[in-house]
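Next come the chains, spelled out residue by residue.
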Amino acid sequence: MKRLRLTVQLLFTIVTNGYMYGFLEGKIYQGSLKYACVPGLNCYSCPGAIAACPIGALQALLNQQGFQVPFAALGVFFLFGSLLGRFVCGWLCPFGLVQDLLHRIPIFKKKKRLPFHHILKYGKYMVLILLVCVGSMFLFGGYVKSPAFCKYLCPSGTLLGAIPLLGANEALRGQAGSLFVWKLGILIGIVLLSVKVYRPFCQYLCPLGAIYGWFNRFSLVQIHWEEERCVSCSACQRACPVDLSAQEVSRSPECIRCGKCVDACPQKCLHFCGKGVRATER
């Protein structure tokens, strides 16, 4: 499962960021595919990105003149959320892959969670409300519409968008100012923290994870727990990178469907399956 997941993550990242000309020339692809959204956090401004980021699309729609319900973005969230839930985070998100690879670096004693996790985990909901929704319509007390999350916080945009663009475009490098320094500082902090703590951005700051987490209980893709076969050995919880018990696996909004619990269970009582379909019935 571990090798399969890494393969899927790498392939999906390569396919969705496959516009090589953009990296070479420091230009953003603006073809018709950019009207579609990929499921994960994948910056529109990345020179290799061939489609849009759903969070960026939501902010763009909220930025339009006058208030309009962003049906297109909400439809994307409902489609991917109802089908996959946070499976998107575990298998299809490029910045999730970056954090996974950083956490594999064999330095520091690894931790699953930060102190005060039970409070900090709500940070991603605050980011969703304050930066993505409210910040896109009323920024800092004035009627100034701005993609606040992308502009002030998103580390994926800095890593996959701003840095490659600045590296390939000399004119842009001359325009980089204090905002880029701020975003670069956030990225460096998250990179360093990711080496020690498992996916800190996903656990505490990602608004996309907050949205998909709401769908975890009823999404089509689930990890089914056969309670009658469970011997309460807690092997699954020890293997879980976010420290979820068998009862919490799949149902918790923190579960990213990575499958480590499935591999670790000695009784094979955890299985990937469709919603409402027991593994023994397939």
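Every value quoted in this text rests on a predicted model; they were computed, and no experiment measured them.

A.B. asks: Tell me about the overall build of the protein chain, and name the residues and values.
C.D. replies: Scanning the protein chain for helices and strands turns up 16 helices and two strands. Considered along the principal axes of its C-alpha atoms, the protein chain spans approximately 60 × 45 × 35 Å. Long-range pairs, those at least 24 residues apart, make up 73% of the contacts in the protein chain between residues at least 6 apart in sequence. Accessible area of the protein chain: about 13,900 Å², with a carbon and sulfur share of 68%. Charge separation in the protein chain, taken as the distance between the mean sites of 30 positive and 11 negative side-chain charges, equals 6 Å.

A.B. asks: Just give me the short version of the packing of aromatic side chains, but keep the residues and values in it.
C.D. replies: Evaluated as defined, the whole model comprises ten aromatic pairs. Ring centres of Phe 87 and Phe 272 lie 6.4 Å apart, and the angle between their planes is 90°; on these two criteria the pair is classed as edge-to-face. With Phe 87 in helix α5 (residues 87-92) and Phe 272 in strand β2 (residues 270-274), this residue pair connects regions lying 185 residues apart in the sequence. Between Lys 34 and the ring centre of Tyr 44, over which it is positioned, the NZ or CZ distance is 4.0 Å.

A.B. asks: How would you sum up the pattern of salt bridges? Please name residues and give values.
C.D. replies: Counting across every chain of the model gives five salt bridges. Put simply, Asp 243 and Lys 112 hold a salt bridge, and the shortest N to O gap is 3.9 Å. In this pair, Asp 243 is assigned in the loop between α15 (235-239) and α16 (260-264) and Lys 112 in the loop between α6 (94-103) and α7 (117-120), connecting sequence segments 131 residues apart. Given the relative accessible area of 28%, Asp 243 is considered partly exposed. With its nearest N and O atoms 3.1 Å apart, the salt bridge here joins Glu 254 to Lys 124. Pair noted here: Glu 254 is in the loop between α15 and α16 and Lys 124 is in helix α8 (residues 123-137), with a separation of 130 residues, a long-range link. Note on accessibility: Glu 254 and Lys 124 belong to one class, buried. Overlapping salt bridges bring together Arg 5, Asp 100 and Arg 199 as one network.

A.B. asks: Quick one: what's the story with the packing of α6 against helix α10 (residues 155-168), residue by residue and with numbers?
C.D. replies: Contact geometry of α6 with α10 gives a least axis separation of 10 Å together with a crossing angle of 95°. Taken together, the axis directions place α6 and α10 in an arrangement best described as roughly perpendicular. Counted together, Pro 94, Phe 95 and Val 98 of α6 and Pro 155, Ser 156, Leu 159 and Leu 160 of α10 form the full contact between these two elements.

A.B. asks: If you had to explain the pairing of β2 to someone new, which residues and values would you point to?
C.D. replies: A large share of β2 lies buried, amounting to four of its five residues. Inspection of the sheet shows strand β1 (residues 221-225) paired to β2 by five bridges, in the antiparallel sense. Each residue of the ladder has a partner; that of Val 221, found in β2, is Gly 274.

A.B. asks: How would you sum up a nonpolar patch on the surface? Please name residues and give values.
C.D. replies: Taken together, the side chains of Phe 67, Val 69, Phe 71 and Leu 74 make up a nonpolar region of the molecular surface, amounting to roughly 450 Å² of accessible area. Mapped onto the fold, Val 69 is located in the loop between α3 (54-62) and α4 (71-84).

A.B. asks: Tell me what's going on with the side chain of Thr 16, and back it up with residues and numbers.
C.D. replies: On the secondary structure map, Thr 16 appears in helix α1 (residues 2-16). Here the side chain of Thr 16 touches Phe 12 through a polar contact of 2.7 Å, landing on its backbone oxygen. Not counting chain neighbours up to four residues away, the residues in contact with Thr 16 comprise Val 38, Asn 42, Gly 48, Ala 49 and Ile 50.

Conventions adopted
Residues numbered from 1 in each chain as written. Predicted model: local features only at pLDDT ≥ 70, side-chain atom pairs only at ≥ 80, totals over all residues. Heavy atoms only, no water. Helix = DSSP H or I, 4+ residues; strand = E, 2+ residues; numbered from the N terminus. Contact = heavy atoms within 4.5 Å. Areas by Shrake-Rupley, 256 points an atom, 1.4 Å probe, with all protein chains shown as cover. Lys, Arg positive; Asp, Glu negative; His and termini not counted. Charge placed at Lys NZ, Arg CZ, Asp CG, Glu CD. Phe/Tyr/Trp six-rings, centres within 6.5 Å; stacked < 30°, edge-to-face > 60°. Lys NZ or Arg CZ within 6 Å of the ring centre and 35° of its normal. Salt bridge = Lys/Arg side-chain N within 4 Å of Asp/Glu carboxyl O. Buried < 20%, exposed > 50% of the residue type's maximum accessible area, 1.4 Å probe, protein only. Axes fitted to C-alpha atoms, helices over the stretch in contact; angles between N-to-C directions. Parallel < 35°, antiparallel > 145°, perpendicular 65-115°, else oblique. Pairing = 2+ DSSP bridges. Patch = residues over 30% accessible without salt bridge, like charges linked within 9 Å, V, L, I, M, F, W, Y side chains within 5 Å. Polar contact = N/O pair within 3.5 Å; in protein donor to acceptor, adjacent residues only side chain to side chain.

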